Amino acid sequence: MAAYRADDDYDYLFKVVLIGDSGVGKSNLLSRFTRNEFSLESKSTIGVEFATRSIRVDDKIVKAQIWDTAGQERYRAITSAYYRGAVGALLVYDVTRHVTFKNVERWLKELRDHTDSNIVIMLIGNKADLRHLRAVSTEDAKAFAERENTFFMETSALESMNVENAFTEVLTQIHHVVSRKALDIGDDPAALPKGQTINVGSKDDVSAVKKVGCCSS
Amino acid sequence: MYVYIYIYIYIFFYTSCQFYYSVLSPFYVYVQDLPRTFPGHPWLDTPDGHATLRRVLVAYSFRDSDVGYCQGLNYVAALLLLVMKTEEDAFWMLAVLLENVLVSDCYTSNLSGCHVEQRVFKDLLVKKCPGIAAHLEALEFDVSLVATEWFLCVFSKSLPSETTMRVWDVLFYEGAKVLFHVALAIFKMKEDELLMTRQVGDVINILQRTTHHLFDPDELLTVAFDKISSMTTTTISKQRKKQEPAVMAELDERLRRLNSTVDDK
């Protein structure tokens, strides 16, 4: 089957989730990073969509599995399966709509409630190309990110600005966490399914777990 | 005299604004969903199509303010508009679907009805396709990852439109149990492939690819009704009753936890 061919030649597989209000541009960040595509009118996401892309981080091949879902508030309660095993998150707001920034706090609670405490989180102010419509200042967002101990970047999926940087930074940070063995996989078995056992020949490790065939650190 | 007129105008505008803020502001979401419903469709994705869809969705949100606008309804209403003669007919079909055919509270503020359906579906998968269910359980695959979209959009976002229409024909005739038949059939059709998967991502890929390419409604419906043994509406209602308390408790617990962490700050 396709999924088991050469493109699966990677050292790590990291699951990264996209969260944030409806219409902030999550799906376009996903398509820009994984396929270098952008669409002004893409279908609104309802269930779960995901795409993968492998990049080189330090001297390792990291396969990023990016998950995307619906942003409407009432959907938030049906996402515990969505967060399972995530080791990184991009919390997206729209720089032109202040309410989407206001809701970031709520999203953060939801995220921390469902994931391992070592998860790498980056706050993303998307649609930064719409300079004349800006409603959230960079300083405010930066201050919030510092307070909440998350990374922060402003992006434009349309202009392809900082998208690559944002994902690369998150993946690099996850890699550092894994390398430092700081990820306490023993604490929350639900967060990292099958994380502790690395079976040769198995691809179960949709998490920050070192893949088969690689030197055991 | 003029003072009274000014006061009257002020009160009128004030109450209107209050009304718009309280009732309409949550519907910002639907405004941005209009062009995101079947983008590229020769009629739906035109100013006329957007306006018609907006009228149906707004009208329904006024009919049932508990539902208001729920993402997913845009796809359902759009497909109804394509097959019904008038937008009024489409509106009434939407009302019948939500109020008489589907389980109640599917689209209300916490989607509790949808949560119940997911749990019922999970149990049915164990009963009707035990092999697949056991394998997916081992992978920690939760059926809600794919079935949420199936149930909330009544398959309209997942299946080709012609196939969705055939499913809806049976759905309107036989009731909501049809959704379970069809959902189980999709898993059943790909049993061999699903049993070979080794991670959640592959399962989602297979199921999404399958639904997007199900151009032959007969193939799907044959499996749904010949290969999946029949279920009565009463049995399913009992299953729902059984799951409801657990779902409610889970939703309450989640709210309590989130509110407490917010308050702690």
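All values derive from a computational prediction rather than experimental measurement. (Residues numbered from 1 in each chain as written. Chains lettered and ligands numbered in written order. Predicted model: local features only at pLDDT ≥ 70, side-chain atom pairs only at ≥ 80, totals over all residues. Heavy atoms only, no water.)

Glancing now at the state of the cysteines. Residue and element names in this part refer to chain B. Under the definition given, this model contains zero disulfides over all chains. For the unlinked cysteine Cys70, the closest cysteine sulfur is that of Cys114, found at 8.3 Å. Of the residues examined, Cys70 reaches a relative accessible area of 0% and is grouped as buried. Cys114 supplies the cysteine sulfur nearest to Cys106, a cysteine that is in no disulfide, at a spacing of 5.2 Å. For Cys106, a relative accessible area of 5% gives the class buried. (Disulfide = S-S within 2.5 Å. Buried < 20%, exposed > 50% of the residue type's maximum accessible area, 1.4 Å probe, protein only.)

For a regular strand, the rule is simple: side chains alternate between the two faces of the sheet. Residues and elements named next belong to chain A. Of all seven residues making up strand 4 (residues 88–94), seven are buried, and the element is well covered by its neighbours. Judged by which residues are buried, strand 4 turns out to be covered on both faces: Gly88, Leu90, Val92 and Asp94 on one side and Ala89, Leu91 and Tyr93 on the other are all buried. Examined bridge by bridge, strand 1 (residues 12–19) and strand 4 share four bridges and lie parallel to one another. Pairing of Leu18 across the sheet is with Leu90, part of strand 4. (Helix = DSSP H or I, 4+ residues; strand = E, 2+ residues; numbered from the N terminus. Pairing = 2+ DSSP bridges.)

If you look at the biggest cluster of nonpolar residues, it comprises 147 residues, and the most contacted ones within it are Leu171(A), Tyr107(B), Phe141(B), Trp150(B) and Phe187(B). Inspection of this core shows a minimum of three residues originating in each of domain 1 (23–101) and domain 2 (112–248) of chain B. Not counting the four nearest positions on each side in its chain, Phe141(B) is found in contact with Leu136(B), Val146(B), Phe187(B), Val200(B), Val203(B), Ile204(B) and Leu207(B). (Core = buried A, V, L, I, M, F, W, Y, C linked by side-chain atoms within 4.5 Å. Domains from an automatic or database assignment. Contact = heavy atoms within 4.5 Å.)

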